[in-house]
Each structure stands twice: as structure tokens, then as C-alpha cells.
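Descriptive analysis of the structure
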Amino acid sequence: MIAIVDYRAGNLTSVKRALEHLGHLECEITDSADKIRAADRVILPGVGAAGATMENLRALGLAEVLRRDVAAAGKPFLGICIGIQVLFDHSEEDSADCLGVLPGVVRRYPNSVDGRQLKVPQIGWNRVRQMQPHPIFAGVPDGTHFYFVNSYYPVPADSSLVIADSDHGVPFAAAVARRNVIASQFHLEKSGAAGLKLLDNFCRLSF
Amino acid sequence: MLAKRIIPCLDVRAGKVTKGVKFLENVDVGDPVAMARYYYEQGADELVFYDITASNERRGIMLDVVNAVAREIFIPFSVGGGLRTLEDMRAVLLAGAEKVSIDSGAVRNPAIISEGARAFGSQCIVLSMQVQQTGERTQVPSGYEVVIDGGRVFTGRDAIEWAHEGERLGAGELVINSIDRDGTKRGYDLEITRRISESVSIPVVASGGAGAPEHLRDAFTRGAADAAIVASIVHYGEHPIPDLKRYLRGAGVEVRDAITLEVR
């Protein structure tokens, strides 16, 4: 079973619809620690603010479950959008202390670069450059566009975590991975065929 | 760098797609789910549905459409038309829309923008504004006035001032729909699009008037738009989306290469 972590954010159902479209019918949106512990794979999706996300994860008792029983236990984990940002130590958004599964911080995109105005939030399709071979990108050409909606971006302390990058005024980590933990800034479930391919790849990965 | 987005717009009346020409003669151009799938496969970057006969009895029909679309297409889409309350927005988002588009309802009750942004996040809230050139005057210094209710009611509000107010209240995107250009195929109103785009920090979507590929190029360059809504230019097969993108790429505009992949 694939557990989609319900922490009271939006966008949970679109991940479930995409999984079902791909034929991965055994997936469930859940806030149950037991179900998440028992799941074969765990997805933390959604849109939301870092502070509220962390508050909800803690209030539901899920922050520790994700850290200990998912990330550290070697269970395949996929974070999407806010789900990548809360993996790091700290976010500038709401000055939130996050899960600390990966070393690094989350910063806000600048409002301007070299005197030129930058639109924040970044809303739209941006080109993603694959920095190192990773099975999550199997079958997806380098330089493919994916759909982003964010005002903040992760800055991993260890650049070897970055498996793909992109550029919105500043270069940023578009996808990171360490063993069983994989995460993307972009919305796989809204990125057309390429996004579906990544989601499908995740569902087939073994470690 | 973000790609410029092409967003086909589907006006939906009682579950069927129509395209209003100056909001008058509506020509039935098909089933919304089939059209959404078609545009998705053609490489549309996003879709927008406007429920043009939004009324409480009809709301259910639209929600069924949204549900069906969300099961088949995996790009963002927004839904607008008659959304007035947080509950209206929530229903559309739960049915699978990525964003809600608010228009006349937001002019009547601007607080809905901030309430929506607080409840669902700014990225969900698209402020769509219909603008018409009515002449510069004290109340409307830009000469562009906000109109509501399908272009029938003049508000006396300046379009640029309203755009700024919308951004301040928490809108995540602005759609600038020119009533003067809508359905004319004479091109977008580049002036108001550019003036607004350059004075806000959120993405701006040009709307109304696309009739030729050059119009999209102009919207993205001289109009400084981040995205452009298209309707009749694509609805009748004259300029398929792949052709528009090929043209734009040739004109030096960054667009998304839609790729086809075997997924299961």
C-alpha cells in the first residue's frame, strides 16, 4: 500500500488520482501513524506553508513517524513541493524548524535579480536539468519542463543530494535524493506525462 | 527560466463548452472533458474553465465536469464563474481543480480574496478582471475601467489600482481580460497587460483577442505577460497548440516542449 500523508493540506487528492490513473490502486490518504508505518511506500505531497505543515505533522504525531519509521527505516519516501521543503532542517517561511531528515535550509526566492524584477511565487513550467543519473528519472529526457508553484526553495548543505536543478532567478535544487528519500520541488502530479512517469518510477523503485 | 504558458479557455454552459464572442453568440464547440483531454495531449500548459451560467442549481453539473477532468488530465487547471464564497471555492478545489478564478464576486466582496488565500494559499487564488478602455479621468487614471457581470456593469474602478489591491489581498495570479478585444481576434490589449505585469510581483495572464500566433508572441514580449489564455484561435483547429509553440520557439520565446511518454 502507498500511504499519502494527510496533514490537512490541499492537493492530496490529485496525487491519489494520478496514482490511480497509473494503475497503482492500492493507495490511501491517511493520517494514521500505524498505516504509514505499515505502508510499502510513503508520499508527502501538498501545497502549504512550512509552519502550518510542521505544526500539523507534529499535532498528528507524524513528524517523528516520518523521521524514524519512514526515512531512517529505509522505506521508499517521496516528498513533493512542501514535502521537499520540510525534509530540511529549517525554513525561512514562518521561521519553521522542519524534520531535519536532510541537512540544509529553505530560502525565499529573491524579489529581484540584477535589478530585474522576479515574479514570486514561481508559478509555471521550468526546465529541469538532471545532475546525476537517478532511477526516478528513468525514461525522462534531460531538460524536460515540470510544473512548479513555490515561493521558497531548498538549499541542501550537501550538494551531492541534488539530483536535478533548475533556475528561477537563482539556481535551485529541483529534486534531491538520499537512499530511500526522494523529493521534488515540482508537482509530479501536475507535470503531464513526464510527471506521471516519475511517479510511476517511484512506485517501482526498490532499495 | 519559466516557460510562457498557453492556457486554453473552455466556457462551459450546462456541461457543454461554448465560446462567447463579445459575450453574445455562443457557439457550441464540444464536450469539456473530451476537449480538456485533447488540449492536454496537444501540450496545453494549463486549462481554465469558466462556468458561464453559474447558478446554484447548475453548480453540481460543473462539479461533475471538474471531477471528470481531474481524473484524466494531469496539468493544472482553474475553474471560475460565479464563485462567491469559501464553500464555492472549496467544492471546486476538492473536485480536483488546482486554482479558483474569481471575478465579479471579488469586486463586490474583496475580502473573498484574502479569505481564499488564507484558507487555500495564494497560489490557488486567481483574480480575473475584465477591463475596458473608458477614457482617463480622476477616478480611472489609467483609462482602463474594471467591468463586471460579463461586461455589463461598469464599476468606476481603475484596473491598475484594482490589480494592486488584488495582489495586496493575496491573489496569486492576475488574469487581465480585455472586453474591447474579447472575441475580436485583433490581438491582446498589450498596454494594460504590460502596465499591470510590470507593476505587480505575481504572474499576469493576458486574455481576450488572440487570433494569430503573433498575438501570443506580442503578449509575451511587449505585453510582458507570463501566460496567455486562448480560445477561438485553438477551438476551431486553425492554429493547433503545437504549431503555436513551434512559432513561439522560433520567435525566441521560451515555451514548454510537451513530451509524450509511454507510462504503462
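Residues numbered from 1 in each chain as written. Chains lettered and ligands numbered in written order. Predicted model: local features only at pLDDT ≥ 70, side-chain atom pairs only at ≥ 80, totals over all residues.

**Topic: the overall build of chain A**
Assigned secondary structure in chain A consists of six helices and 16 strands. Radius of gyration (C-alpha) of chain A: 16 Å, near the 17 Å computed for a compact globule of 207 residues. Residues classed as buried in chain A amount to 52% of the 207 residues present. In chain A, the proportion of contacts linking residues at least 24 apart, taken out of those at least 6 apart, comes to 70%. (Helix = DSSP H or I, 4+ residues; strand = E, 2+ residues; numbered from the N terminus. Rg over C-alpha atoms; globule rule 2.2 N^0.38 Å. Buried ≥ 20, exposed ≤ 12 C-beta atoms within 10 Å, placed from the backbone. Contact = placed C-beta atoms within 7 Å.)

**Describing the overall build of chain B**
Looking only at helices and strands, one finds ten helices and twelve strands in chain B. Whereas a compact globule of 264 residues would reach a radius of gyration of roughly 18 Å, chain B reaches 17 Å, a difference of no more than 12%. Expressed along its principal axes, the backbone C-alpha trace of chain B runs to roughly 60 × 45 × 35 Å. For chain B, long-range pairs separated by at least 24 residues make up 63% of all intrachain contacts whose partners lie at least 6 apart in sequence.

**Notes on the sheet that holds strand β14 (residues 162-168) of chain A**
All names here are of chain A. Within the open sheet, the eight strands sit side by side as β2-β1-β3-β4-β16-β15-β14-β11. Their pairing is mixed. Looking along the sheet, the strands with just one partner apiece sit at the ends: β2 (27-30) and β11 (129-130). Looking at chain direction, β14 and strand β15 (residues 170-178) are connected through six bridges and run antiparallel. When the sheet's bridge partners are listed, D165 is paired in β15 with A173. (Pairing = 2+ DSSP bridges.)

**Side note on the nonpolar core**
In this structure, B:I7, B:V100, B:L174, B:V205 and B:A228 are the most contacted members of the largest nonpolar core, which totals 154 residues. If we ignore the near neighbours within four places in the chain, the residues touching B:I7 are B:A44, B:D45, B:E46, B:L47, B:V48, B:V205, B:A227, B:A228, B:I229 and B:V230. (Core = buried A, V, L, I, M, F, W, Y, C linked by C-beta atoms within 7 Å.)

**Describing the interface of chain A and chain B**
Residue-level contacts link 37 residues of chain A with 32 residues of chain B. Secondary structure elements with two or more residues in the side of chain A that touches chain B: α1 (12-21), β10 (122-127), β12 (145-150), β14 and α6 (192-204) of chain A. With seven residues, α6(A) is the single largest residue contributor to the side of chain A that touches chain B. Here the side of chain A that touches chain B is composed, by residue class, of 13 nonpolar, 17 polar and seven charged. (Nonpolar A, V, L, I, M, F, W, Y, C, P; charged D, E, K, R; others polar.)

**A few points about the pairing of strand β8 (residues 144-148) of chain B**
Residue and element names in this part refer to chain B. Most of β8 is tucked away: four of the five residues are buried. One ladder, built from four bridges, connects strand β7 (residues 125-133) with β8; its direction is antiparallel. Within β8, the residue paired with Q130 across the bridge is V147. Looking at chain direction, β8 and strand β9 (residues 153-158) are connected through four bridges and run antiparallel. Along β9, the bridge assignment pairs E145 with D158. Between β8 and β9, which pair antiparallel and follow one another directly, the connecting turn spans four residues, one of which, D149, has a positive phi of 55°.

**A look at the sheet that holds strand β13 (residues 152-156) of chain A**
The strands that make up a sheet are held in pairs by hydrogen bonds between backbone atoms, and each pair lies either parallel or antiparallel. All names here are of chain A. As summarised here, the arrangement of the four strands in space is β6-β5-β7-β13, forming an open sheet in which the pairing is mixed. With one partner strand each, in any of the chains shown, β6 (96-97) and β13 form the two edges of the open sheet. Note that strand β7 (residues 104-108) and β13 share five bridges and pair antiparallel. Residue pairing in the sheet places R107 in a bridge with Y153 of β13.

**Concerning unusual backbone geometry**
Residue and element names in this part refer to chain A. Omega for the bond connecting V120 with P121 falls within 30 degrees of zero, at 10°, which places this linkage in the cis form. Here P121 shows up in the loop between β9 (116-117) and β10. Phi at C81 takes a positive value of approximately 60°, unusual for a residue other than glycine. Mapping C81 onto the fold places it in the loop between β4 (77-80) and α5 (82-85).

**Brief notes about the packing of helix α8 (residues 213-220) of chain B against helix α10 (residues 241-250) of chain B**
Residue and element names in this part refer to chain B. Across the interface, α8 lies against α10 with an axial gap of 9 Å and an inter-helix angle of 50°. Relative to α10, the element α8 lies oblique. Two packed elements cross with a definite hand, and for α8 against α10 that hand is right-handed. In this structure, α8 contributes P213, L216 and R217 to the contact, and α10 contributes L244, Y247 and L248. (Axes fitted to C-alpha atoms, helices over the stretch in contact; angles between N-to-C directions. Parallel < 35°, antiparallel > 145°, perpendicular 65-115°, else oblique. Left-handed = near helix turned anticlockwise from the far one by under 90°.)

**Some points on helix α7 (residues 190-197) of chain B**
All names here are of chain B. α7 sits mainly inside the fold: seven of its eight residues count as buried. Along α7, the residues classified as buried are L190, I192, T193, R194, R195, I196 and S197. Buried positions along α7 lie against β7, β8, α6 (159-169), β10 (173-178), β11 (204-207) and α8.

**Considering the confidence of the model for chain B**
Detailed conclusions should not be drawn from predicted coordinates in areas where pLDDT is low. Residue and element names in this part refer to chain B. Chain-level statistics for chain B give a pLDDT mean of 90 and a share of 93% at 70 or above. Confidence drops under a pLDDT of 50 for residues 20-28, and excluding neighbours within four residues, the segment shows 16 contacts in the predicted structure. Reported confidence for the predicted complex is 0.92 by ipTM and 0.93 by pTM. (pLDDT = per-residue confidence, 0-100.)

**Thoughts on helix α3 (residues 50-59) of chain A**
Residue and element names in this part refer to chain A. Those residues of α3 that sit buried are A50, T53, M54 and L57. Projected down its long axis, α3 shows its buried positions confined to an angular sector of 95°, all on one face. For α3, the secondary structure elements touched by its buried residues are α4 (62-71), α5, β5 (90-91), β6 and β7. (Arc of directions from axis to C-beta.)

**Considerations on the pairing of strand β1 (residues 2-5) of chain A**
Residues in a regular strand project their side chains so that they alternate between the two faces of the sheet. All names here are of chain A. Residues I2 and I4 of β1 are buried on one face, and the alternating residues A3 and V5, pointing to the opposite face, are buried as well. Sheet topology note: the β1/strand β3 (residues 41-44) ladder contains three bridges and is parallel. Bridging across to β3, A3 finds its partner in V42. Pairing of β1 with β2, which is carried by four bridges, proceeds in the parallel orientation. When the sheet's bridge partners are listed, V5 is paired in β2 with T30.

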